[in-house]
Structure formats: C-alpha cells, structure tokens
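The primary structure of each chain is shown beneath.
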Amino acid sequence: MGNVLIVGASGDIGAAISLRLAEEGHRLLLHYHQGKEKVEQLIATLPNESVLKVLHANLQEEEGMNSLVNQIDLAVDSVIFASGMSHFGMFQNSSLEEMDQMLNLHIKAPWRITKRLLPEMVQRKSGHIIMISSIWGRSWS
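This one's a predicted model, so the numbers in the text were calculated from it and none came from an experiment.

### Quick word on the overall build of the protein chain
If you tally the helices and strands in the protein chain, you get four helices and five strands. Reading the helices (α) and strands (β) of the protein chain from amino to carboxyl end gives β-α-β-α-β-α-β-α-β. For the protein chain, the C-alpha radius of gyration of 15 Å lies close to 14 Å, the compact-globule estimate for 141 residues. With the C-alpha coordinates of the protein chain rotated into their principal frame, the extents come out at 50 × 35 × 25 Å. Counting only residues that meet the buried cut, the protein chain has 38% of its 141 residues in that class. Within the protein chain, contacts between residues separated by at least 24 positions form 64% of all contacts whose residues are at least 6 apart in sequence. Of the roughly 8800 Å² of accessible surface on the protein chain, a fraction of 55% belongs to carbon and sulfur atoms. Averaging the locations of the 12 positively and 15 negatively charged side chains of the protein chain gives two centres separated by 8 Å.

### Some remarks on the pattern of salt bridges
Overall, the coordinates contain six salt bridges when judged by the stated rule. Between K108 and E62 there is a salt bridge, with the nearest N and O atoms lying 2.8 Å from each other. Placement of the pair is K108 in helix α4 (residues 96–124) and E62 in helix α3 (residues 62–71), with a sequence separation of 46 residues. Judged by relative accessible area, which is 31%, K108 ranks as partly exposed. Its relative accessible area of 33% is what places E62 among the partly exposed residues.

### Remarks on the pairing of strand β2 (residues 27–32)
Along β2, five of the six residues are buried, which leaves the element largely enclosed by surrounding structure. Pairing of strand β1 (residues 3–7) with β2 involves four bridges; the strand directions are parallel. In the strand pairing of β2, L5 is matched with L29. You can see the chain leave β1, run along helix α1 (residues 12–23) and come back into β2, and the turn it takes is right-handed. Examined bridge by bridge, β2 and strand β3 (residues 51–56) share five bridges and lie parallel to one another. Considered in β3, the bridge of H31 is made with L55. Between β2 and its parallel partner β3, the chain crosses via helix α2 (residues 36–45), and the hand of that crossover is right-handed.

### Some details on a negative patch on the surface
Together, E61, E63, E97 and D100 make up a negatively charged patch on the protein surface. Secondary-structure assignment places E61 in the loop between β3 and α3.

### Describing the sheet that holds β1
Read across the sheet, five strands follow the order β3-β2-β1-β4-β5 without closing on themselves; strand pairing throughout is parallel. Both edges of this open sheet fall to β3 and β5 (128–131), since each of them pairs with a single strand only. Between one strand axis and the next, the sheet turns through 15 degrees on average, direction left out of account. Judged from the four bridges that link them, β1 and strand β4 (residues 78–81) form a sheet pairing that is parallel. Bridge assignment links V7 to a residue of β4, and that residue is F81. Along the sheet, α2 makes contact with β2 and β3, crossing β2 at roughly 165 degrees. The sheet strands contacting α4 are β1, β4 and β5, and the helix crosses β4 at an angle near 170 degrees.

About the criteria used
- Residues numbered from 1 in each chain as written.
- Predicted model: local features only at pLDDT ≥ 70, side-chain atom pairs only at ≥ 80, totals over all residues.
- Heavy atoms only, no water.
- Helix = DSSP H or I, 4+ residues; strand = E, 2+ residues; numbered from the N terminus.
- Rg over C-alpha atoms; globule rule 2.2 N^0.38 Å.
- Buried < 20%, exposed > 50% of the residue type's maximum accessible area, 1.4 Å probe, protein only.
- Contact = heavy atoms within 4.5 Å.
- Areas by Shrake-Rupley, 256 points an atom, 1.4 Å probe, with all protein chains shown as cover.
- Lys, Arg positive; Asp, Glu negative; His and termini not counted.
- Charge placed at Lys NZ, Arg CZ, Asp CG, Glu CD.
- Salt bridge = Lys/Arg side-chain N within 4 Å of Asp/Glu carboxyl O.
- Pairing = 2+ DSSP bridges.
- Right-handed = clockwise from strand over helix to strand, strands pointing away.
- Patch = residues over 30% accessible without salt bridge, like charges linked within 9 Å, V, L, I, M, F, W, Y side chains within 5 Å.
- Axes fitted to C-alpha atoms, helices over the stretch in contact; angles between N-to-C directions.

Below, the structure written as structure tokens:
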C-alpha cells in the first residue's frame, strides 16, 4: 500500500477518506488548518501505524502553502484534495482579500502541492492526484 497525502483531513469528507484508506492499509499524511480537535479525534480512531505525519498549514496564505510544501519530506504515492471553503455573498461585493483566499485555497495550493509531488510520481511512473469538488460549484442563485 502507498503513502497518501490527504489535504483537508479534518473535514467530514477528508476524515471519511482517511478512515477508508487506513482500513485498506495505506499510510497517511494528514493535513488540516483549523480542525485540530477533529484531526486529533480522527487520529485516535486510526491504527497507529497508518499515520505517518500530521501537517498543519493555512493554504489560504502564501506562507501556509510554503509551509506545507516544505513539510512534505516523505514519498507520496497519492494526493487527495478534500479541502475547501465557501463564500456567500454577491460577487460584486466580494473583496480582493476574499477572492485571493479562495483562489489560493482552490487553485494555487493544489497547483503548488502537485508541482512538488508530480516529478517523483513521474519518475516512479505511478501515482494518483484526486481533486474533490463541491456541489456549490454547480449552484446558481
């Protein structure tokens, strides 16, 4: 079984994926931002040998992206992007800061993380990159 980085492991979807992968024998690198208690609860339910590393980083900010990329010091066979956030409000009322945070989390962070992991996957001729989206992307008001 392989090493899997789960970005957003403290969320409901990320936690469910983590549980399933641990049951299948994968070793996990668990990322979280604000859900420290949730990721600690998740870890308590997983076999000890399944958690390789816990990574804390705010992917809405450049510093957080740098931190996460620099914390990845193990081979990663698969990465699952299960993190995200929603913004409620009128598009024209969205601030530049709000849009930067959304773009960083949903576009730039996955790009940066994939850019870091992809060369090793290509060299091994093996790997998986999975991005999970939300129904909100299809919602219209």
